[in-house]
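Chains, contacts and geometry: an overview
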Amino acid sequence: MPTYASLVTVRKDFQNPQELTSIWGDIRADLEEFDAELTDTYAVLGEYDFLVVMDAPDRDAAYQAGIALERHGLDAQTMEIVPTDRLAQVVEDV
């Protein structure tokens, strides 16, 4: 299953950090509706607030998962990622 990463910026005003962290269970459930699995989340220092890593069966499911993030007050830039140990294999296929 392909892996996707979303660089996330919080656009909604949350009252406190606990409220913000409580949305991840809801997000996980939303992603499962599209057969996507939330595999990792990281808080990020810098331009973005979070890095979200998920597996999805295809780009359509990843797109729907990105929209689900948006519904929770998060702006997401989602892209497909490939492990570096598979990169040589991907390049050979071209």
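Reference entry: report on the structure contained in this document. Remember, it's a predicted structure, so these values are computed and weren't measured experimentally.

Notes on the pairing of strand S3 (residues 50-55)
- With 5 of 6 residues buried, S3 is to be regarded as a mostly interior element.
- Pairing of strand S1 (residues 3-10) with S3, which is carried by 6 bridges, proceeds in the antiparallel orientation. Bridge pairing in S3 places Leu7 opposite Leu51.
- By the bridge criterion, 6 bridges tie strand S2 (residues 37-43) to S3 in an arrangement that is antiparallel. If you follow Glu37 over to S3, its bridge partner there is Asp55.
- Here S2 folds back onto S3, and the loop between the two strands holds 6 residues, one of which, Gly46, carries a positive phi near 130°.

Looking at helix H3 (residues 59-71)
- The terminal C-alpha atoms of H3, which comprises 13 residues, lie 19 Å apart, in line with the 18 Å expected from a rise of 1.5 Å per residue.
- Listed as buried for H3 are Ala61, Ala62, Ala65, Gly66, Ala68 and Leu69. Considered in projection along H3, the buried side chains sweep an arc of 155° and stay on one side of the axis. In H3, the exposed positions that point more than 90 degrees away from the buried face belong to Arg59, Asp60, Tyr63 and Arg71.
- One side-chain oxygen of the residue at the start of H3 lies 3.2 Å from the amide nitrogen of Asp60, identifying that residue as Asp58.
- Looking one or two residues past H3, Gly73 carries a phi angle of roughly 80°, positive in sign.

Cut-off values and rules
- Residues numbered from 1 in each chain as written.
- Predicted model: local features only at pLDDT ≥ 70, side-chain atom pairs only at ≥ 80, totals over all residues.
- Heavy atoms only, no water.
- Buried < 20%, exposed > 50% of the residue type's maximum accessible area, 1.4 Å probe, protein only.
- Helix = DSSP H or I, 4+ residues; strand = E, 2+ residues; numbered from the N terminus.
- Pairing = 2+ DSSP bridges.
- Expected span 1.5 Å × (residues − 1).
- Arc of directions from axis to C-beta.
- Polar contact = N/O pair within 3.5 Å; in protein donor to acceptor, adjacent residues only side chain to side chain.

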